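# Close look at the chain arrangement
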Amino acid sequence: MKEYLAGIDVGGTTVKIGLFPRGEKASVKWEITTRKFAEIGLLWRDIADSINDKLKELGLEKGTLKAAGVGIPGPVREDGFLTKCVNLGLSNCYPAELLSEALGGIPVAVGNDANVAALGEASFGAAKDVKNSLMITLGTGVGAGVIINGKIVAGNRGLGGEIGHFTVNPDETVKCNCGSRGCLEQYASATGMVRIAKKLLAETDMISGLRRFEDFEAKDVCDEAKKGDELALQTLEVLGKYLGIALSHAILLVDPDVIVIGGGVSKAGKILTDTVEKYLNEYIHVAESRAELRLAELGNDGGIYGAAALAEELL
Ligand SMILES: [Zn+2]
């Protein structure tokens, strides 16, 4: 009888779920709506019901599901304790215990979503051929995860891999969402990319395809950069420099084999990796070789793959 694992990625609006035959990349994927705040207690029941319905639909017995892994958007300690998840209104609990109970007692493991996505790329994606990797996701915010010897480094407080809040510009006057100033997230997130581009548009007379938009997104900046738009390329230069500073620190701290770059901003592709490479060459001189930069392969599914890998560790 085939055995299955569930990989669950809890987001602010939807919960992505994947059912994986053990040891295989193929999966059945679907989504449900996330319950939050006052209804948060029902979230685990929703997930368990949805998985049980899917097993029935696929003609699989309940007992074939051996373990589940979950990624949550908040700091999760190595022992699985979640201190606070602002987006969901969830704090001071062991989410694995809650879901395990709802799933009839099977083992469940929980991690921070960015760490879990990093484990996904390390197990099934762009870094599957190496043991030590680091993944940075340049999305609405900047999340990252460090994988050493195939395992997530979460730390005693779940702060491991919080590269998005490395200070890269102490002279910044605008505050980051975390309350600090000059964090990487303020420049290298999709929001940060748009902010840099808008600043350049306001401060210069440069001709740019971006001027035809009333408002634009990071994707538009990436598209214009690929067409050779000078202002969009300058935006990537600023972003790449700050990302280069942060990654040079991360490289010198854990020396990974591979750095995986994902999220919306990574759509800029080779222009982004080339710019970051240039700054890494500028900031790292103590070694002849260093981590290779690669683009993420699993897209938005990195979380469910990583959660499945987390579940496999329990068996
Ligand atoms: Zn910050």
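Note: the structure precedes this text.
A brief structural summary. Remember, it's a predicted structure, so these values are computed and weren't measured experimentally.

What follows concerns helix α5 (residues 190-203). The end-to-end C-alpha distance of α5 is 20 Å, a good match for the 20 Å that 14 residues give at a rise of 1.5 Å each. Tucked into the core, α5 has its buried residues touching α4 (185-188), α6 (218-226) and α7 (230-254).

Let's shift gears to the pairing of strand β11 (residues 258-262). Counting buried residues in β11 gives five out of five residues, a clear majority hidden from the surface. On β11, burial covers both faces: Val258, Val260 and Gly262 on one face and Ile259 and Ile261 on the other are all buried. In the sheet, β11 pairs with strand β12 (residues 292-295) via four bridges, with the strands oriented parallel. Each residue of the ladder has a partner; that of Ile261, found in β12, is Leu295. Note on the crossover from β11 through helix α8 (residues 270-283) to β12: the handedness is right-handed.

For a metal bound by four donors in tetrahedral geometry, the ideal donor-metal-donor angle is 109.5 degrees, whereas six donors in octahedral geometry ideally sit at 90 or 180 degrees. Those protein atoms acting as donors to the zinc ion are His165 (ND1), Cys176 (SG), Cys178 (SG) and Cys183 (SG), and they sit at 2.0 to 2.3 Å. Coordination at the zinc ion is tetrahedral, judged from the four donor atoms that bind it and the angles of 106 to 115° they form at the metal. On the primary sequence, the residues serving as donors to the zinc ion are separated as H-x10-C-x1-C-x4-C. According to the relative accessible area criterion, Cys178 is partly exposed, its value standing at 45%.

Here we take up the sheet that holds β12. In a beta sheet, neighbouring strands are held together by backbone hydrogen bonds and run either parallel or antiparallel to one another. Pairing is mixed in the open sheet, where five strands are placed in the order β10-β9-β8-β11-β12. Here the strands that pair on one side only, and so sit at the sheet edges, are β10 (151-152) and β12. Sheet topology note: the strand β8 (residues 133-138)/β11 ladder contains five bridges and is parallel. By the bridge assignment, Leu134 is partnered in β11 with Ile259. Against the sheet, α7 engages β8, β9 (142-148) and β11, with an angle of about 160° to β8.

Moving on, we come to the environment of Ser189. By the secondary structure assignment, Ser189 is in the loop between α4 and α5. Taking the C-alpha atoms as reference points, Ser189 and Val142, separated by 47 residues in sequence, lie 5.5 Å from one another. Ignoring sequence-local partners within four residues, the contact set of Ser189 consists of Gly139, Thr140, Gly141, Val142 and Val265. Within the structure, Ser189 has its side chain in polar contact with the backbone oxygen of Glu185 (distance 2.7 Å).

What follows concerns the sheet that holds strand β2 (residues 14-21). Strand order in the open sheet formed by five strands is β3-β2-β1-β4-β7, and the pairing between neighbours is mixed. A single partner strand is all that each edge strand has here, and the edge strands are β3 (28-33) and β7 (108-112). Across the sheet, the mean angle from the axis of one strand to that of its neighbour is 20°, orientation sign disregarded. Bridging between strand β4 (residues 65-72) and β7 involves five bridges; their strand directions are parallel.

The residue Asn92 is not glycine, and still its phi comes out positive at about 45°. Here Asn92 is to be found in strand β6 (residues 90-93). Residue classification places Asn92 among the exposed residues on the basis of a relative accessible area of 54%. Residues other than glycine seldom take positive phi values, yet Asn149 does so here, at roughly 50°. Relative to the helices and strands, Asn149 resides in the loop between β9 and β10. Asn149 gets classed as exposed once you look at its relative accessible area, which sits at 56%.

Attention shifts here to the pairing of β9. Each regular strand carries side chains that alternate between the two faces of the sheet. Taking burial as the measure, the seven residues of β9 include six buried ones, the bulk of the element. With six bridges connecting them, β8 and β9 associate as antiparallel partners. Looking across to β9, one finds that Ser133 is bridged to Ile147. Between the antiparallel neighbours β8 and β9 lie three residues.

Counting residues in each nonpolar core, the largest one holds 46 residues, and the members touching the most others are Ile136, Leu138, Leu184, Leu243 and Leu272. Here the element with the most residues in this core is α7; it accounts for eleven residues. Sequence-distant contacts of Leu243, defined by excluding residues within four places in its chain, comprise Ile136, Leu138, Leu184, Ala188, Leu272 and Val276. Counting residues in hydrophobic clusters, the runner-up holds 33 residues, among them Ile17, Ile40, Leu82 and Leu99.

Glancing now at the pattern of salt bridges. Side chains bearing opposite charge may pair, as long as their charged atoms lie close to each other. For the structure on display, the rule yields 20 salt bridges. The residue Asp274 makes a salt bridge to Lys270 at a minimum N-O spacing of 2.9 Å. Taken together, the residues span about one helical turn, with Asp274 and Lys270 both in helix α8 at a distance of four residues. Its relative accessible area of 40% is what places Asp274 among the partly exposed residues.

What counts, and at which threshold
- Along each chain, the written sequence defines residue order, and numbers are assigned to residues from 1.
- In keeping with the model being predicted, local features are shown solely for residues with a pLDDT of at least 70 and side-chain atom pairs are shown and tallied solely at 80 or more, while totals for entire chains, interfaces and linings include all residues.
- To get the side-chain values, take all heavy atoms of the structure and skip hydrogens and water.
- What counts as a helix is a DSSP run of H or I of at least four residues, what counts as a strand is a run of E of at least two, and both are numbered from the N terminus.
- The length a helix should cover is 1.5 Å for every residue beyond the first.
- Residue contacts follow a heavy-atom distance rule, with two residues in contact if any of their heavy atoms lie within 4.5 Å.
- Each residue is placed in one exposure class: buried if its accessible area under a 1.4 Å probe, protein chains only, is under 20% of its type's maximum, exposed if it is over 50%, and partly exposed if it falls in between.
- A pair of strands counts as paired when DSSP detects no fewer than two bridges linking them.
- When the strands point away from the viewer and the connection leading from the first strand across the helix to the second strand turns clockwise, the crossover is called right-handed.
- Because water is not among the atoms used, a metal site may look incomplete, as its donors are only the N, O and S atoms within 2.8 Å, or 3.2 Å for Na, K and Ca.
- A four-donor site is classed as tetrahedral when every donor-metal-donor angle falls between 85 and 135 degrees; four donors are called square planar, and six octahedral, when trans pairs exceed 155 degrees and all remaining angles lie between 65 and 115, with any other arrangement labelled irregular.
- Only the stretch in contact is used when fitting a helix axis, every axis being a line fitted to C-alpha atoms; angles between N-to-C directions are given from 0 to 180 degrees.
- Think of a polar contact as two N or O atoms within 3.5 Å of one another; within protein, one of them needs to be a possible hydrogen donor and the other a possible acceptor, and neighboring residues in sequence only count if both atoms come from side chains.
- Throughout, nonpolar core names a set of buried Ala, Val, Leu, Ile, Met, Phe, Trp, Tyr and Cys residues whose side chains join them through atoms within 4.5 Å.
- Salt bridges, as used here, are contacts in which a Lys or Arg side-chain nitrogen is within 4 Å of a carboxyl oxygen on Asp or Glu.

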